[in-house]
Amino acid sequence: MPGVKLSNGVEINFDGSARTILDALERKQLEVNFHCREGYCGACRCKLVSGEVSYINEPLAFVRKGEFLPCCSVPVTDIEIEIP
């Protein structure tokens, strides 16, 4: 089961009970900006410090190298992220 580590030290086990990384972050009461939850708008864009994510559905929003959209992704490996 992959883990999600935040730059502030918070760690989350991604055990499949949350549909996406965004859902898992919200369950820990972490504030992440979002609008669409489907990868259309890019409002939830976060920095992927290390690790690999996979998209449930390919995002339509522009995603730069080193960024990802937690609203439509799941971790493939342990990841470290920064929420803006």
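The model shown is predicted, which means the values in this text are computed figures rather than measured ones.

Chemist: I'd like a rundown of the overall build of the protein, residues and numbers included.
Modeler: When its secondary structure is counted, the protein shows 1 helix and 7 strands. Starting at the N terminus and walking to the C terminus, you meet the elements of the protein as β-β-α-β-β-β-β-β. For the protein, the C-alpha radius of gyration of 11 Å lies close to 12 Å, the compact-globule estimate for 84 residues. With respect to the three principal axes, the spread of C-alpha positions in the protein is 30 × 25 × 20 Å. In the protein, which comprises 84 residues, the proportion classed as buried is 37%. Summarising the internal contacts of the protein: among those between residues at least 6 apart in sequence, 48% fall at separations of at least 24. Of note, the protein has its 9 positive side-chain charges centred 3 Å away from the centre of its 12 negative side-chain charges.

Chemist: Describe the sheet that holds strand E5 (residues 67-68), and please don't skip the residues or the numbers.
Modeler: If you walk across this open sheet you meet the 5 strands as E2-E1-E7-E3-E5, and the pairing is mixed. Unpaired on one side and paired on the other, strand E2 (11-13) and E5 mark the two borders of the sheet. Inspection of the sheet shows strand E1 (residues 3-6) paired to E2 by 3 bridges, in the antiparallel sense. Within E2, the position partnered with Gly3 by the bridge is Asn13.

Chemist: Can you break down the environment of Val32 residue by residue, with the values?
Modeler: Checked against the element boundaries, Val32 lands in the loop between helix H1 (21-27) and strand E3 (46-50). Val32 sits 10 residues away from Leu22 along the chain, and the two C-alpha atoms are 7.5 Å apart. Those residues within four positions of Val32 in sequence are excluded, and the remaining contacts are Leu22, Leu25, Cys44, Pro70 and Ile83.

Chemist: Describe the environment of Val74, naming the residues involved and giving the relevant values.
Modeler: Looking at the element boundaries, Val74 is found in strand E6 (residues 73-75). In sequence terms Val74 and Gly16 are 58 residues apart; their C-alpha atoms lie 9.0 Å from each other. Not counting the four nearest positions on each side in its chain, Val74 is found in contact with Phe14, Arg19, Thr20, Ile21, Val53, Ser54 and Ile56.

Chemist: Residues and numbers for the pattern of salt bridges, please.
Modeler: A full pass over the atoms with the stated rule returns 4 salt bridges. A salt bridge links Glu26 to Arg37, with the shortest nitrogen-to-oxygen separation between them at 2.7 Å. Of this pair, Glu26 sits in helix H1 while Arg37 sits in the loop between H1 and E3, placing them 11 residues apart in sequence. Judged by its relative accessible area of 28%, Glu26 falls in the partly exposed class. The partly exposed category is assigned to Arg37, whose relative accessible area is 27%. A salt bridge links Glu67 to Arg45, with the nearest nitrogen and oxygen atoms 3.2 Å apart. Taken together, the positions of Glu67 in strand E5 and Arg45 in the loop between H1 and E3 put the pair 22 residues apart, joining distant regions of the chain. Here the residues in one salt-bridge network are Asp23, Glu26 and Arg37, joined through shared partners.

Rules and cut-offs
Residues numbered from 1 in each chain as written. Predicted model: local features only at pLDDT ≥ 70, side-chain atom pairs only at ≥ 80, totals over all residues. Heavy atoms only, no water. Helix = DSSP H or I, 4+ residues; strand = E, 2+ residues; numbered from the N terminus. Rg over C-alpha atoms; globule rule 2.2 N^0.38 Å. Buried < 20%, exposed > 50% of the residue type's maximum accessible area, 1.4 Å probe, protein only. Contact = heavy atoms within 4.5 Å. Lys, Arg positive; Asp, Glu negative; His and termini not counted. Charge placed at Lys NZ, Arg CZ, Asp CG, Glu CD. Pairing = 2+ DSSP bridges. Salt bridge = Lys/Arg side-chain N within 4 Å of Asp/Glu carboxyl O.

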